[in-house]
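# Topology and contacts: notes
Here are the chains, one letter per residue:
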Amino acid sequence: MAFDIDRYTATSVSVNWDDLDFEEFSRTPLPESTLRSLRYMCDIEYHTVCYLRDLLVTPSHKEADVSAFMTMWNREEFWHGEALAAVLGAHGITVDFDQLKATRLKLGWKDRLDPIKQSMLGNIVGKDFIAVHMIWGAANEWSAVAAYNRLADLEKHPVLAVLLRRIAKQEARHVAFYATQARERLGSSKKAQVLARFALKNAWAPVGSSVMETEEVTHVMGHLFSGEDGLREIRKLDEHISRMPGLDGLKIVETAMIKHGVEVAAA
């Protein structure tokens, strides 16, 4: 495979923001709509450990490269949460870990059952489950890259934009791993293609929609992807996914955005 996992694990570092002038946020504070979106992004980055928990009970954790990647992926995503929390803190918004815990606890039995469901499904499906995990991860990470770059473009804040593009750059490495794995695994298994197509078409939703309130999902996705420019980004995401073996014609991102009330531009 093209992705060099050894190089990735050797060069994985936390995103840096110590060199950025956070006093600029006092001089040029961010608008409420952007802070609301950043809070959503921050919470979801911190929830990565819960997604990792669910995946460690599936066949994915038995693959050395996948296991190594997920370890570093979880670490990098945690630091993305820390960086965004620092921006929020500069605006007097404290990210309270008790609140993050409360968000998870509100899911109740669903959250407790998720690892069990993932384990049962993974063991029933077998190794082809890994292909589904990889393309699902690719879809999520493509979305994350687009989201961070879109917010940087929309806000054009001299400090925030730099930080968001640094985060997007790390997310792009995550895309490279997931997409490389997905392409190889889907290309070698028709069963995996069928399973992945079914899962994406029927269950994929914007990252965070399983955790956050519906109105927050709608706000963030609308903030980032409404209008003609947003629609172009949405369709680029669907194009990435539909180029994968067996997934041609899928429009899961556009469908999900419309379902969540995002006012996409007319075709």
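Structure: above.
Here is a short report on the structure shown in this document. What you see is a predicted model, and the numbers here were worked out from it, not measured in a lab.

## A look at the nonpolar core
Formed by 76 residues in total, the largest nonpolar core has its most connected members in Leu38, Ile135, Trp142, Leu186 and Leu247. Considering each element in turn, this core owes the most residues, 14 residues, to helix α8 (residues 128–155). With sequence-adjacent residues up to four places away left out, Leu247 is seen in contact with Ile135, Leu186, Gln193, Ala196, Arg197, Leu200, Ile241 and Ser242.

## Here's the deal with the pattern of salt bridges
On inspection of all chains with the given rule, the structure shows twelve salt bridges. Across the salt bridge formed by Glu216 and Arg36, the nearest N and O atoms sit 2.9 Å from each other. One end of the pair, Glu216, is in helix α11 (residues 214–225); the other, Arg36, is in helix α3 (residues 32–46), with 180 residues separating them in the sequence. Residue classification places Glu216 among the partly exposed residues on the basis of a relative accessible area of 21%. Residue class for Arg36 comes out partly exposed when judged on its relative accessible area of 32%. When salt bridges with common partners are traced through the structure, they connect Asp21, Glu24 and Arg27 into a single cluster.

## Describing the packing of aromatic side chains
Applying the stated criterion across every chain yields a total of eleven aromatic pairs. Ring geometry for Phe3 versus Phe177: centroids 5.3 Å apart, planes at 80°, classification edge-to-face. With Phe3 in the segment before α1 (5–11) and Phe177 in helix α9 (residues 160–187), this pair connects stretches of sequence that are 174 residues apart. According to the relative accessible area criterion, Phe3 is buried, its value standing at 18%. The exposure class assigned to Phe177 is buried, which follows from its relative accessible area of 1%.

## Quick word on the packing of α3 against helix α5 (residues 64–89)
Contact geometry of α3 with α5 gives a least axis separation of 8 Å together with a crossing angle of 150°. Considering the angle they form, α3 stands roughly antiparallel to α5. Relative to α5, α3 is oriented so that their crossing is left-handed. Of the residues in α5, those in contact with Leu35, Leu38, Arg39, Met41, Cys42, Glu45 and Tyr46 of α3 are Glu77, Phe78, His80, Gly81, Glu82, Leu84, Ala85, Val87 and Leu88. Its residues placed into classes, the contact of α3 with α5 shows ten nonpolar, two polar and four charged.

Calculation rules
- Residues numbered from 1 in each chain as written.
- Predicted model: local features only at pLDDT ≥ 70, side-chain atom pairs only at ≥ 80, totals over all residues.
- Heavy atoms only, no water.
- Core = buried A, V, L, I, M, F, W, Y, C linked by side-chain atoms within 4.5 Å.
- Buried < 20%, exposed > 50% of the residue type's maximum accessible area, 1.4 Å probe, protein only.
- Helix = DSSP H or I, 4+ residues; strand = E, 2+ residues; numbered from the N terminus.
- Contact = heavy atoms within 4.5 Å.
- Salt bridge = Lys/Arg side-chain N within 4 Å of Asp/Glu carboxyl O.
- Phe/Tyr/Trp six-rings, centres within 6.5 Å; stacked < 30°, edge-to-face > 60°.
- Axes fitted to C-alpha atoms, helices over the stretch in contact; angles between N-to-C directions.
- Parallel < 35°, antiparallel > 145°, perpendicular 65-115°, else oblique.
- Left-handed = near helix turned anticlockwise from the far one by under 90°.
- Nonpolar A, V, L, I, M, F, W, Y, C, P; charged D, E, K, R; others polar.

Note that all results are geometric; they support no functional claim without further evidence.
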